[in-house]
Amino acid sequence: MPLYIGVMSGTSLDGLDIALIEQDSAIKLIATHYTPMPDTLRAELLSLCASGPDEIARSAIAQQRWVRLAADGINALLIQQKLKPQAIRAIGSHGQTIRHEPARGFTVQIGNPALLTELTGITVVSDFRSRDVAAGGQGAPLVPAFHEALFGESTGNRAVLNVGGFSNLSLIETDTPVAGFDCGPGNVLLDAWIHRQRGEHFDRDGQWAGSGKVEPQLLSTLLSDPFFLTKGPKSTGREVFNLHWLQQHLGQLPAFQPENVQATLLELTAQTIVESLKTAQSETQTLLVCGGGAHNTTLMNRLAALLPSTQVSSTAAYGVDPDWVEAMAFAWLAHCCLEGIAANRPSVTGARGLRVLGAIYPA
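Cut-offs and rules
- Residues numbered from 1 in each chain as written.
- Predicted model: local features only at pLDDT ≥ 70, side-chain atom pairs only at ≥ 80, totals over all residues.
- Heavy atoms only, no water.
- Pairing = 2+ DSSP bridges.
- Helix = DSSP H or I, 4+ residues; strand = E, 2+ residues; numbered from the N terminus.
- Axes fitted to C-alpha atoms, helices over the stretch in contact; angles between N-to-C directions.
- Contact = heavy atoms within 4.5 Å.
- Buried < 20%, exposed > 50% of the residue type's maximum accessible area, 1.4 Å probe, protein only.
- 1 Å grid on protein atoms, 1.4 Å probe; cavity = no way out; pocket = protein on both sides within 12 Å on 5 of 7 lines; lining within 4 Å.
- Points joined across faces, edges and corners; volume = space filled by probe spheres on them.
- Nonpolar A, V, L, I, M, F, W, Y, C, P; charged D, E, K, R; others polar.
- Domains from an automatic or database assignment.
- Buried area = accessible area lost by both parts, 1.4 Å probe.
- Salt bridge = Lys/Arg side-chain N within 4 Å of Asp/Glu carboxyl O.
- Polar contact = N/O pair within 3.5 Å; in protein donor to acceptor, adjacent residues only side chain to side chain.
- UniProt positions renumbered as here; feature names shortened; annotations may be inferred.
- Phe/Tyr/Trp six-rings, centres within 6.5 Å; stacked < 30°, edge-to-face > 60°.
- Lys NZ or Arg CZ within 6 Å of the ring centre and 35° of its normal.

1. Examining the sheet that holds strand E1 (residues 3–8)
Taken in spatial order, the six strands of this open sheet run E3-E2-E1-E4-E7-E13, and their pairing is mixed. Each end of this open sheet is capped by a strand with a single partner; those strands are strand E3 (27–36) and strand E13 (359–361). Shown here is a sheet whose adjacent strand axes are inclined to one another by a mean of 20°, direction ignored. Of the pairings in the sheet, the one linking E1 to strand E2 (residues 15–23) comprises six bridges and is antiparallel in character. Bridge pairing in E2 places isoleucine 5 opposite leucine 20. Here helix H3 (residues 113–120) sits on the sheet in contact with strand E4 (90–93), strand E7 (124–126) and E13, set at roughly 160° to E7. In this fold helix H12 (residues 325–339) packs onto E1, E2, E3, E4, E7 and E13, with an angle of close to 125° to the strand it touches most, E1.

2. As for the environment of glutamine 262
By the element assignment, glutamine 262 lies in helix H10 (residues 258–280). For glutamine 262, a relative accessible area of 0% corresponds to the buried category. On a C-alpha basis, the gap between glutamine 262 and isoleucine 56 in space is 35 Å, while along the polypeptide they are 206 residues apart. Every residue in contact with glutamine 262, bar those within four places of it in the chain, is listed here: Leu190, Trp193, Ile194, Asp203, Trp208 and Ala209.

3. A closer look at the layout of surface pockets
Space inside the second largest pocket adds up to approximately 460 Å³. As for the second largest pocket, its lining consists of 20 residues, of which Leu46, Cys49, Arg238, Asn242 and Leu243 are closest to the centre. For the lining of the second largest pocket, the secondary structure elements donating two or more residues are helix H1 (39–47) and helix H6 (188–198). Counting residues per element, the lining of the second largest pocket draws most heavily on H6, at six residues. Broken down by class, the residue content of the lining of the second largest pocket amounts to eight nonpolar, six polar and six charged.

4. Quick word on the domain arrangement of the chain
Structurally, the chain comprises domain 1 (1–138 + 320–359) and domain 2 (142–316). For domain 1 and domain 2, the distance between their C-alpha centroids amounts to 23 Å. Each side of the interface is counted separately: domain 1 has 34 residues, and domain 2 has 35 residues. Approximately 2,800 Å² of surface area, both sides summed, lies buried where domain 1 meets domain 2, with 61% of it carried by carbon and sulfur atoms. One can count one salt bridge joining domain 1 with domain 2. Taking the shortest distance from any N to any O, the salt bridge between arginine 345 and glutamate 148 comes out at 3.9 Å. Summed over the shared surface of domain 1 and domain 2, the result is nine residue pairs in polar contact (both at pLDDT 80 or more). For the side of domain 1 that touches domain 2, the secondary structure elements donating two or more residues are H1, strand E5 (96–101), H12 and helix H13 (346–349).

5. Points about the pairing of E2
Within E2, eight of the nine residues are buried, leaving the element largely enclosed by the surrounding structure. The antiparallel hairpin formed by E1 and E2 contains six residues in its connecting segment, where leucine 13 sits at a positive phi of about 60°. In the sheet, E2 pairs with E3 via nine bridges, with the strands oriented antiparallel. Residue pairing for E3: glutamate 22 is matched across the bridge by lysine 28. With antiparallel pairing between neighbouring strands as the criterion, E2 and E3 make up a hairpin whose turn holds three residues.

6. Some points on the sheet that holds strand E10 (residues 176–185)
Adjacent strands of a sheet pair through backbone hydrogen bonds, lying either parallel or antiparallel. Across the sheet, five strands lie side by side as E10-E9-E8-E11-E12; this open sheet has mixed pairing. Two strands close off the open sheet at either side, each with one partner strand: E10 and strand E12 (311–314). Strand-to-strand twist of the sheet, defined as the mean angle between neighbouring strand axes without regard to direction, takes the value 20°. Bridge count for strand E8 (residues 158–163) against strand E9 (residues 166–173) is six bridges, and the pairing is antiparallel. Paired with alanine 159 across the bridge in E9 is leucine 171. Helix-sheet contacts for H10 involve E8, E9, E10 and strand E11 (286–290), and the interaxial angle to E10 is about 155°.

7. Details of the UniProt feature "binding site: ATP" (unreviewed entry) in the chain
Under the feature "binding site: ATP" (unreviewed entry), the UniProt entry names Gly10, Thr11, Ser12, Leu13, Asp14, Gly15, Leu16 and Asp17. Among the annotated residues just listed, those that line the second largest pocket are Thr11 and Ser12. Assignment of secondary structure puts leucine 13 in the loop between E1 and E2. The buried category is assigned to leucine 13, whose relative accessible area is 1%. Residues within four places of leucine 13 in sequence aside, it is in contact with Met37, Arg42, Leu45, Leu46, Gln96 and Arg238.

8. Quick look at the packing of aromatic side chains
By the definition in use, this model includes seven aromatic pairs. Consider the rings of phenylalanine 227 and phenylalanine 241, whose centres lie 5.7 Å apart with planes at 85°: the pair is edge-to-face. Residue phenylalanine 227 is located in the loop between helix H8 (216–223) and helix H9 (243–250), and its partner phenylalanine 241 is located in the loop between H8 and H9; the two are separated by 14 residues in the primary sequence. Residue phenylalanine 241 is classed as buried on the basis of its relative accessible area, which comes to 0%. Each member of the aromatic cluster is reached from another via a ring pair, and the members are Phe227, Phe228, Phe241 and Trp245. One cation-aromatic arrangement involves lysine 234 over phenylalanine 227; the distance from NZ or CZ to the ring centre is 4.3 Å.

Structure below.
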């Protein structure tokens, strides 16, 4: 059976998720490996999300470090599974997004796939977003087609929610093309605020947010951002939602307790997800949650409370570990590229049509 490896490094920048899948008539997760992101590399990748001095050289050096980290993780996974590089048909590498501005006609994911091929001896497929952007699309989200392939067998209206740095929805209905779009911030503001206030990279289980109370004035101000007033196809990134964006809003209001800001940011994430879902698919029987947000108990409880008629659960309830869905998706996207299968969805990204995604770097 063909084996593929997917490498995903998301906007949370906590580390690299590496998934080994078997692709036949069904998609099967075989093994996984997680590589933490060194603090120095994380800080450099964050800084590259905005303009700065000597950024071309800095990004070139940073992506070499990122690739070596990915290659070490892939090689460790191969050793663990007693597999030779020749056993893997391809690696699907998302790379690390440092800019995403489809309105200006570009999206940038650094990851030096040529070097990754050299370090692993395996064909690499990368640069999945550019073709969709070239065809007039958002280039994101790309996972709805995979969500449809993975969870599309059930009947009734379902939605798959990925909560990473940003949140995105995939809407799956019987006999209807899959739809999807970014809802807004997922963990990106929650992570940034707790790091600024407490030096922690994330709010474990949403405990700090759960200790505060929602500030209605702040929530109303945050919800006034134009992004939340638009419908899909749409995507977003750190160019729009970041710590500076939050501090600008805070600067116009009275001072709030830090934990109350965190509680309000969690409510922002929950409400923008729920309103997006209700607007796009008013009768959703099941909401499956993946990504780091699936472990945020406070967020999961809030989603369930705001969606009393919808069954809200982790993708684990359907036999798929929520931590590995995105890495699996990029392994599947590599398969689609090599097989000449269109993997974007115009109903999601707004592209002019179906396109085969990815650039191939043969071993």
